[in-house]
Amino acid sequence: MAVGILRMELHLMSPHSLKEKRAILNPLKNYLRKKKNVSVAEIDYHDVWQSAVLEVAMAGNDRAKLKTSMDSIQQSIEKRFPVEVSSESSEIV
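Think of each chain on its own: its residues are numbered from 1, step by step along the sequence as written. This being a predicted model, a pLDDT of at least 70 is required before a residue's local features are given, and a value of 80 or more before pairs of side-chain atoms are given or counted; all residues contribute to the totals for chains, interfaces and linings. For the side-chain quantities, the full set of heavy atoms in the structure was used; hydrogens and water were omitted.

(A) Main features of the pattern of salt bridges. Just to be clear on terms, a salt bridge is a Lys or Arg side-chain nitrogen sitting within 4 Å of an Asp or Glu carboxyl oxygen. By the definition in use, this model includes four salt bridges. Residue Glu55 is joined to Arg7 by a salt bridge in which the shortest nitrogen-to-oxygen separation is 3.8 Å. With a gap of 48 residues between them, Glu55 in strand E3 (residues 51-60) and Arg7 in strand E1 (residues 2-12) connect regions that are remote in the sequence. Note on exposure labels: buried denotes an accessible area under 20% of the residue type's maximum, exposed denotes more than 50%, and partly exposed covers the range between, all computed with a 1.4 Å probe on protein chains only. Residue Arg7 is classed as partly exposed on the basis of its relative accessible area of 36%. In this structure, Asp71 and Lys67 form a salt bridge, with 3.4 Å as the shortest nitrogen-oxygen distance. Linking Asp71 with Lys67, this pair stays in helix H2 (residues 63-80), spanning four residues, or about one helical turn. The exposure class of Asp71 is partly exposed, given its relative accessible area of 33%. Overlapping salt bridges bring together Lys21, Arg22 and Glu42 as one network. Here a strand is any run of E in DSSP of at least two residues, a helix any run of H or I of at least four, and the numbering for each starts at the N terminus.

(B) Geometry of the nonpolar core. To form a nonpolar core, buried Ala, Val, Leu, Ile, Met, Phe, Trp, Tyr and Cys residues must be joined to one another through side-chain atoms within 4.5 Å. Core analysis: the largest hydrophobic core is formed by 23 residues, its most contacted members being Met8, Leu10, Leu28, Leu32, Val56, Ile73 and Ile77. Those elements that provide at least two residues to this core are E1, helix H1 (18-35), E3, H2 and strand E4 (83-92). Contacts are residue-level and defined by heavy atoms, with any inter-residue pair within 4.5 Å sufficient. Beyond its immediate stretch of four places on either side in the chain, Leu32 contacts Asn37, Val38, Val40, Val56, Ile73 and Ile77.

So yeah, pure geometry; function would need other evidence.
Right, dumping it as structure tokens:
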């Protein structure tokens, strides 16, 4: 069994308050949990309006499939939500 860990630093385009930031991040995290079947947590920049760091974890038997899934996560959230992935790192353990 392998575990994939994806860390993404996000720049949020539109929020002007923490309330508006949560209005973007909560649906984004729910989307990842339900549609991509992963665990996700916001791990940094809790008090910064236009930045967030998310860490995503997934488990599977096939390392190549995990890598493909992690790559598709970044693309899908940039298409669906007003965010830009400013940096990312991934690791398969």
